[in-house]
Amino acid sequence: MTVRHVSGVIYLEGDCGVEEAEALLQAVIDAPGAPIDWSGCGRLHTAVLQLILATNNSVHGPCGDPWLERWVARMVLPEIHARLDVISTPPNVK
Amino acid sequence: MNELQQQFISESKELVLQATDDLMTVERSGFDAERIDRVFRAFHTLKGSAGVVNLPAMGLLLHAAEDLLAAVNAKKRPITTGLVSEALECLDQVSAWVDAFEARGVLPSDAGERARDAALRLRALLSDNTSSRSTPNRHGPVWAAALMQEVAATDASDKALLAVAYEPLPGCFFDGDDPLALVASIPNLLALSIEPREPWPPRPDIDPFACNLRIHAITATTRDELAAIFRLVPDQVEIFDLAPVTTPTATAAPDTKTTALLDDIIACQIDMLNAGDAGDNSYGRYGSAARAAAHALRHFERDDLAFDVEAALESAIAQQNGNLVRDALRRVTAALAAPSEDRDRDPDSPAAPSRSLRIDEAHVDSLFNLSGELIVAKNSLAHLSKLVETVVGDGDLGRSIRRANENLDHLITGMHSAILQLRMVPVSQLFRSFPRVARDLSLRLDKRAELTIQGGTAECDKTLVERLFEPLLHLVRNAIDHGIEAPEERRAAGKPEQAHIALEAARTGDRLTIEVRDDGRGIDPAAIRAKALERGLMSADEIAALSDEKTTQLIFSAGLSTATAVTDISGRGVGMDVVRNTVEQLGGKIAIASRLGAGTTVRLDLPVNVAMSQIVVVEASGQFFGLPMDVVNETLRLTPDRVSRIKNNRGFVLRDRVVPICSLAEALNLPDKPADDRADHLVVVAEAAGKIIALQVDGIHDRLDAVLKPMKGLLANAPAYSGTTMTADGRVLLVLDLKELFS
Amino acid sequence: MAAVENADRRRRILVVDDSSLVRLYYHSALERAGFAVEQAINGIEATEKVLAQRFDLLIVDINMPGMDGFSFVRDLRHRKADIAALPILMITTEADETDISDARAAGVNYYLVKPVSEADLVRHATALAGPAS
């Protein structure tokens, strides 16, 4: 039922309803690079999930919801992009 | 929307309502001559109206329905439940189209295909009393093909699949919707994609309570199941049938006897359902049909299809509508039509999208060349046939020869079309290597760019694929090199660091469009103006007078480049003029649109087929040349009094226009006869490169259809020639490219 | 007393034909193939049996005195739920077009033409009655 931001990681725990979306958005704004850990989550409302897809933060799994793990995890985890994605991190950042 | 169209819309709606009522009454209470007549007239009127507002697809469908009802009206056919259902379905479709026409002024792009399929079905009913046993294959929307690649071969084979497009409304959360929960409840899910409907804005601007997703899925479940899941949001969901995927036949040969029996049993159930008296929607009928079908399916180990039929039966009972069973049986027929019967298929073999033969490309090429030469040969026969007529007269022999020639002409043209079709390949072949190219280039230039491909299934002649690779490569390189900013620059501009390049192909009729879209820095008209001035492309006044749009098009001019450094990666901007030339040589057009700071789109518009040209043969300086008919307006013989001389130039007046006369021989730098003012001038009036001109020639001969062979070898880059062909008497004919000749 | 579990899970077929020879022929062929078979000599007896026992398939001859095959089928199709939806295989005397279309109109699920070989009979009966549960 919560979005918790602890020592540089954003945790999604339990079922996250539509109202959690705002909290999640705030968390990723406050900590732009923070990974999102959804290993303890239950059901995620679409609003919460779409933010995860939108912000491109890396996601630590496996997802607590087996359906999401099966169908959506591959859309978010850093090492597995959608099939035509080119680069995940820029090389030689100056 | 003009008054005629308004009237069409209101009249059609009324007619559809009335005909629907009548049909349903007939279905409930049986044959009624007056009602049937009314229904027939309704279809007849609808068909006529569709013609008036020029909606041929609608007209086609209504025509088939009208024929069917005419037969019923004339008591040549009994009115059965099956027939009523078909007529009602037809009215549903018409109603949907009228709505679409009202909303958008046009029918949906698949209207033609749907009309043809439905008309076929209706006509099958007319010819014999059995329903058509195969459902038309529908390929579904373009994205479905891409998504199908993620479906495991074993999951997909032999099943009729459904593709779902779900685009929740932005405000749906406030209605209490949880779109993903609905998607998660789809049974037999085989593939899923979730994308943003519009590009995500920078984080602080994201509205967490606005839904910005577009969801695509492929599933093996039934329409009824999906309808139940999405019953509260039907306007946001679209469902498409997908043709069953067939796998290549593996080792064991199918037991044809068993297959035939199963097919037959299913077909018999459909026949039996269609043979009911109108008004007979009894459970006994469709219930037994469903049970018999399900039994047979289970017996032949098609439990999956049996399940579908049983599910349909339950729905049919709930809705008191036996047609649901019939629809399910039709789907089963389609699913069974997949040829593979062997259950032990190789799990690694990829699912082939359709039945295909492996053919060496060289064979297709030689077939195509042969066919081209056949066309030339048939032209020479036409020539001879005319000669014969002058010698033999218009007697029987002359006529017979002419008829034989016409027949041959028809056959050869048909064959040529069919062979042209063989050469069609999906555009994805062209796009295949680009993601890699984009990746490598991005790495090299320290940029972050993602390349996506859409519309790869669109088909075009393979020549296009071969000839467009270089130009497209140049465009993509340009986009990454010049268009897309470095990550820091993008961040500073509030753009996502990851830039996006889209390669999108689409096919409309016989045109293929390809777009290269990037979300980079766009083209700066000011920079182009400055460069144009610097390079002396045109005067300062001319440049100032150009709109931003026209300025952008200058990018295609040779000698213009706004890159600050010439890199080996994309060369100079000079490449763009070569790109344009290539596209135009293929008979296409190219255009560029851009918004400063937002991105650039380059759009290619090409004909799908390798074209056959019509040529008129002319004579100049003792030689023969071909002029493409598409630039020729007319041919004239000018008497001396029509020709005027102004200094060294000659001209004449053609319908209030002064047309200069130019000797073709002179234009081609061939020895020319001195101008004779007392003789008639034979001219070909041509329009090219925006100019109109009359070419004076010594002779004008036949016209012929020809497939142009492009110039090769030393002459390949010679201007003014677009290709060669053979004349009727076996000589090589040079065909002129007037656009080049005059520019 | 504990109910004895009914071990007979064979598919049940009712054969309806006025010829005792034909009934015997079908009966033995189908029993050998693993079905449980009952017989009726005409439409009336068939209706009684259908109302009293569960069947998975009816095999009906087209020609019967009294209530002919079509009337029987039509009547059956308008009865209550499970009985109305019984799969019916009709045996016709020849592939007469009218017979076939009448059969379809009446609601027959499949038909075979006499004489029917044992193999064909079993094959079609098995497909239409479905696998044993």
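Quantities reported herein were computed from a predicted structural model and do not represent experimental measurements.

### As for the overall build of chain A
Here is step 1 of the chain: A tally of regular secondary structure across chain A gives four helices and five strands.
Here is step 2 of the chain: For chain A, the sequential pattern of α-helices and β-strands runs β-β-α-β-β-α-β-α-α.
Here is step 3 of the chain: Counting all 94 residues of chain A, 34% fall into the buried class.

### Focus on the overall build of chain B
Here is step 1 of the chain: When its secondary structure is counted, chain B shows 25 helices and 22 strands.
Here is step 2 of the chain: In chain B, of all internal contacts separated by at least 6 residues, the share reaching a separation of at least 24 is 70%.

### Some remarks on the interface of chain B and chain C
Here is step 1 of the chain: Of the residues lining the interface, 22 residues belong to chain B; the matching set on chain C comes to 23 residues.
Here is step 2 of the chain: For the side of chain B that touches chain C, the secondary-structure elements that each account for two or more residues are α10 (256-274) and α11 (283-299) of chain B.

### What to know about the confidence of the model for chain B
Residue and element names in this part refer to chain B.
Here is step 1 of the chain: Mean pLDDT over chain B works out to 79, with 84% of the residues at or above the 70 mark.
Here is step 2 of the chain: Confidence drops under pLDDT 50 across residues 129-139; counting only partners more than four residues distant or on other chains, this segment forms 24 contacts.
Here is step 3 of the chain: Note that residues 562-574 has pLDDT below 50 and, in this model, 24 contacts with residues that lie over four places away or in other chains.
Here is step 4 of the chain: Here the predicted complex scores 0.35 on pTM and 0.88 on ipTM.

### Digging into the packing of helix α1 (residues 20-30) of chain A against helix α2 (residues 46-55) of chain A
Residue and element names in this part refer to chain A.
Here is step 1 of the chain: Direction vectors running N to C along α1 and α2 enclose 20°, while the axes themselves pass 8 Å from each other. On the basis of their axis angle, the class for α1 and α2 is roughly parallel. Judged by the sense of rotation from one axis to the other, the crossing of α1 with α2 is right-handed. The residues of α2 that touch α1, namely those facing E20, A21, L24, L25 and V28, are A47, V48, L51 and T55.
Here is step 2 of the chain: Split into classes, the residues belonging to the contact of α1 with α2 amount to seven nonpolar, one polar and one charged.

### Observations regarding the pairing of strand β11 (residues 599-607) of chain B
Residues and elements named next belong to chain B.
Here is step 1 of the chain: Note that strand β9 (residues 511-518) and β11 share eight bridges and pair antiparallel. Across the sheet, T513 pairs through a bridge with D605, a residue of β11.
Here is step 2 of the chain: One ladder, built from seven bridges, connects strand β10 (residues 589-595) with β11; its direction is antiparallel. Bridge pairing in β11 links K589 to D605.
Here is step 3 of the chain: Connecting the antiparallel pair β10 and β11 is a turn made up of three residues, with G597 showing a positive phi of about 90°.

### Points about the sheet that holds strand β2 (residues 36-40) of chain C
Residues and elements named next belong to chain C.
Here is step 1 of the chain: Taking strand neighbours across the sheet as the criterion, the five strands line up as β2-β1-β3-β4-β5 in an open arrangement whose pairing is parallel. Single-partner strands in this sheet number two, and they are β2 and β5 (110-113). Strand after strand, the sheet turns through a mean of 20° between neighbouring axes, direction not considered.
Here is step 2 of the chain: Both strand β1 (residues 12-16) and strand β3 (residues 57-61) contribute to a ladder of four bridges, which runs parallel. Across the sheet, L14 pairs through a bridge with L58, a residue of β3.
Here is step 3 of the chain: Contacts from helix α3 (residues 69-77) reach β3 and β4 (88-92), with the element oriented near 150° to β3.

### Some words on the interface of chain A and chain B
Here is step 1 of the chain: Listed per partner, the contact involves 26 residues of chain A and 30 residues of chain B.
Here is step 2 of the chain: Elements with a minimum of two residues in the side of chain A that touches chain B: α1, α2 and α3 (66-71) of chain A.
Here is step 3 of the chain: For the side of chain A that touches chain B, the residue count by class is 19 nonpolar, five polar and two charged.

### Some details on the nonpolar core
Here is step 1 of the chain: Counting 123 residues, the largest nonpolar core has A293, V309 and V325 of chain B together with I13 and I59 of chain C as the members making the most contacts within it.
Here is step 2 of the chain: The biggest single contributor to this core is α11 of chain B, with nine residues.
Here is step 3 of the chain: Mapping this core onto the domain boundaries places at least three of its residues in each of domain 2 (142-200 + 207-242) and domain 3 (256-336) of chain B.
Here is step 4 of the chain: The residues contacting V325 of chain B, other than those within four sequence positions of it, are L273, Y286, A289, A290, A312, L313 and A316 of chain B.
Here is step 5 of the chain: One finds I501, L503, L512 and L604 of chain B within the second-largest nonpolar core, a separate group that totals 40 residues.

About the criteria used
Residues numbered from 1 in each chain as written. Chains lettered and ligands numbered in written order. Predicted model: local features only at pLDDT ≥ 70, side-chain atom pairs only at ≥ 80, totals over all residues. Helix = DSSP H or I, 4+ residues; strand = E, 2+ residues; numbered from the N terminus. Buried ≥ 20, exposed ≤ 12 C-beta atoms within 10 Å, placed from the backbone. Contact = placed C-beta atoms within 7 Å. pLDDT = per-residue confidence, 0-100. Axes fitted to C-alpha atoms, helices over the stretch in contact; angles between N-to-C directions. Parallel < 35°, antiparallel > 145°, perpendicular 65-115°, else oblique. Left-handed = near helix turned anticlockwise from the far one by under 90°. Nonpolar A, V, L, I, M, F, W, Y, C, P; charged D, E, K, R; others polar. Pairing = 2+ DSSP bridges. Core = buried A, V, L, I, M, F, W, Y, C linked by C-beta atoms within 7 Å. Domains from an automatic or database assignment.

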